[in-house]
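# Architecture and fold: a report
Here are the chains, one letter per residue:
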Amino acid sequence: MALSIEIPDDILTSARMTPAEMRVELAIALYSARRLSVGKARELAEMSLFEFRQILAARKIPVDLDSEDFFEEIDTLNELGRL
């Protein structure tokens, strides 16, 4: 089951954000508040774990990986040829 949230256009315009950017910001905020794991936050942001971690690193937000996230990170590094 998916839940849709309507964000009025004037809010997006005031924030100077696209819906995708708003989704990323929400994911970062929920992760920072420890309401979502990094894996669930990256799902909300619709990004790979690697991409989401890059954004967190750029903002100096530490990443805590659970075992599922850790193995996903290993798979991503293998795909990128970095392991």
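What comes next concerns the included structure. Just so you know, the residues in each chain are numbered from 1, in the order the chain's sequence is written. Residues qualify for local features only when their pLDDT is at least 70, as the model is predicted, and side-chain atom pairs are given and counted only at 80 or more; totals for whole chains, interfaces and linings, by contrast, use all residues. Side-chain descriptors were evaluated using all non-hydrogen atoms of the structure, hydrogens and water having been removed beforehand.

## Let's talk about the packing of helix H3 (residues 38-45) against helix H4 (residues 49-58)
Look at H3 against H4: their axes get within 9 Å of each other, and the N-to-C directions meet at 100°. Relative to H4, H3 is oriented roughly perpendicular. Listed contacts from H4 to Val38, Ala41, Arg42 and Ala45 of H3 are Leu49, Phe52 and Leu56. For the contact of H3 with H4, the per-class residue count stands at six nonpolar, no polar and one charged. For every element, the axis is a line fit to its C-alpha atoms; helices are fit only across the contacting stretch, and the angle between N-to-C directions ranges from 0 to 180 degrees. Only DSSP runs of H or I reaching four residues or more are called helices, and only runs of E reaching two or more are called strands; each is numbered from the N terminus. Just so you know how the angles are binned, under 35 degrees is roughly parallel, over 145 roughly antiparallel, 65 to 115 roughly perpendicular, and the rest oblique. Any two residues having at least one pair of non-hydrogen atoms within 4.5 Å are treated as being in contact. Residues are sorted three ways: Asp, Glu, Lys and Arg are charged, Ala, Val, Leu, Ile, Met, Phe, Trp, Tyr, Cys and Pro are nonpolar, and all the rest, Gly among them, are polar.

## Quick notes on the packing of aromatic side chains
Here the aromatic set is Phe, Tyr and Trp, taking the six-membered ring for Trp, and pairing holds for ring centres within 6.5 Å; pairs whose planes are under 30 degrees apart are stacked, those over 60 apart are edge-to-face, and all others are tilted. Under the counting rule described, the total for this entry stands at zero aromatic pairs. By definition here, charges over rings are those cases where NZ of Lys or CZ of Arg is within 6 Å of the ring centre and within 35 degrees of the ring normal. The aromatic ring of Tyr31 is capped on one face by Arg34, whose charged end is 5.2 Å from the ring centroid.

## Brief notes about helix H2 (residues 19-32)
To estimate the expected span of a helix, count its residues, drop one, and scale the result by 1.5 Å. Between the first and last C-alpha of H2 there are 20 Å, a value that for 14 residues agrees with the 20 Å anticipated at 1.5 Å per step. A simple rule labels every residue: compare its accessible area, found with a 1.4 Å probe on the protein chains alone, to the largest value its type can have, and call it buried under 20%, exposed over 50%, or partly exposed in between. The set of residues buried in H2 consists of Met22, Val24, Ala27, Ile28 and Tyr31. Directly after H2, the chain includes Arg34, whose backbone phi takes a positive value near 65°.

## Quick word on H4
Turning to H4, its buried residues are Leu49, Phe50, Phe52 and Leu56. Burial along H4 is one-sided: seen end-on, the buried residues are contained in an arc of 160°. By arc we mean the arc of the directions from the helix axis to the C-beta atoms, nothing more.

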